[in-house]
Amino acid sequence: MRVAIDTQPGGAGPNEDWVAGTPTLAVVLDGLSTAGLDTGCRHGVPWYVANLGSHIVAALADARTSLSAGLANALEQVAALHPECDLRNPGTPSATVAILREREDSLDHLVLADSPIVLEGANGFTVLTDLRVDKVLPELRAEVEQYETHTAEHQEALRRLITAQRQTRNTPTGYWVAASDAEAAAHALVGSTPSQDVRAAAVLSDGASRLVTEYGMATWSEVFATLRIGGPQELISSVRKVEATDPTGRRWPRYKSGDDAAIAFCQW
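Quantities reported herein were computed from a predicted structural model and do not represent experimental measurements. (Residues numbered from 1 in each chain as written. Predicted model: local features only at pLDDT ≥ 70, side-chain atom pairs only at ≥ 80, totals over all residues. Heavy atoms only, no water.)

**Observations concerning the layout of surface pockets**
Put simply, the rule reads: A cavity, in this analysis, means grid points on a 1 Å lattice covering only the protein atoms where a 1.4 Å probe fits yet has no way out; a pocket is instead an open set bounded by protein on both sides within 12 Å along at least five of seven lines, and a residue lines either one if it has an atom within 4 Å of a point. Grid points are joined across faces, edges and corners, and a volume is the space filled by probe spheres set on the points. Counting from the N terminus, the helices are the DSSP runs of H or I reaching at least four residues and the strands are the DSSP runs of E reaching at least two. Asp, Glu, Lys and Arg are counted as charged, while Ala, Val, Leu, Ile, Met, Phe, Trp, Tyr, Cys and Pro are counted as nonpolar; the rest, among them Gly, fall into the polar class.
Estimates place the volume of the largest pocket at around 860 Å³. In terms of lining residues, the largest pocket is bounded by 36 residues, among which Asp114, Arg141, Asp206, Arg210 and Tyr255 are the most central. Of all the elements in the fold, those that place two or more residues in the lining of the largest pocket are β3 (25–31), α3 (138–145), α4 (152–168) and α5 (206–213). Element by element, the count of residues in the lining of the largest pocket is highest for α5, at 4 residues. Roughly 420 Å³ of internal volume is contained in the second largest pocket. Taken together, 18 residues form the lining of the second largest pocket, with Ser33, Gln155, Tyr255, Lys256 and Gly258 sitting closest to its centre. Here the residues of the lining of the second largest pocket are counted per class, giving 4 nonpolar, 11 polar and 3 charged.

This is the structure:
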């Protein structure tokens, strides 16, 4: 498996996405925004995703380890790195997870929250994602989206949404993300696809996939054509060009003018 990767911040702040690729593994993490709210942790989201990603890669070096078990192990290891922090804080640093692994004659996948994996096969494209978060607090999401980005009203509505989301995060009635509790790994969506059915695959954070899913400015066929010609960097550039035409979120209401983006493009 040949893996090309890139990640870029969506604005002036630090990049909270993380990506890695090996000859058998592609991993993308998308750190959840804190909107300036307390997290109980002195390290921050970039530190969290960097450490979680590195531990995931190490945990899955043994092909006999399942993706769920590897993620659970990584969550435990990272939690042990900062016991002085309040890991029970509902806003503790957290992230979405998307993992693709080549093993023998199959491709195993794991998705936890809304960073998708897209498989290209002979009959088209298959999108593997976990959209449980979209079903939580739709009225507060709609409130955020009625304001232009960078306005005080937008920022206040976003803080209300994130505050409320934190109360449903990693609960049976809410949605699941990677955070301080290894139990989240058991709630990831996992599966396997025969390798012979896949021509190429893209593992993306939603800051990259939104070119198709949110903006509707490309098809998956066009995305994969861009990835083959210009690689992940060119695809992220395409996202930025689209976002630059709507900097305040009038056409495409969203949380940020530009979100961090991460891509791992896999070919055989």
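Continuing now.
**Considerations on the sheet that holds strand β4 (residues 95–103)**
Stated precisely, the cut-off is as follows: Pairs of strands are assigned from DSSP output, requiring at least two bridges between the strands. Here an axis means a line fitted to C-alpha atoms, over the contact stretch when the element is a helix, while the angle between two N-to-C directions is reported on a 0 to 180 degree scale. Every residue pair with non-hydrogen atoms within 4.5 Å of one another is taken to be in contact.
The strand order across the open sheet formed by 5 strands is β2-β3-β4-β5-β8, and the pairing between neighbours is antiparallel. The open sheet is flanked by β2 (17–21) and β8 (189–194), the only strands paired with a single partner. Here the strands of the sheet are splayed against their neighbours by 10° on average, with no regard to which way each runs. Each of β2, β3 and β4 touches helix α1 (residues 45–59); the most contacted strand, β3, lies at about 160° to it.

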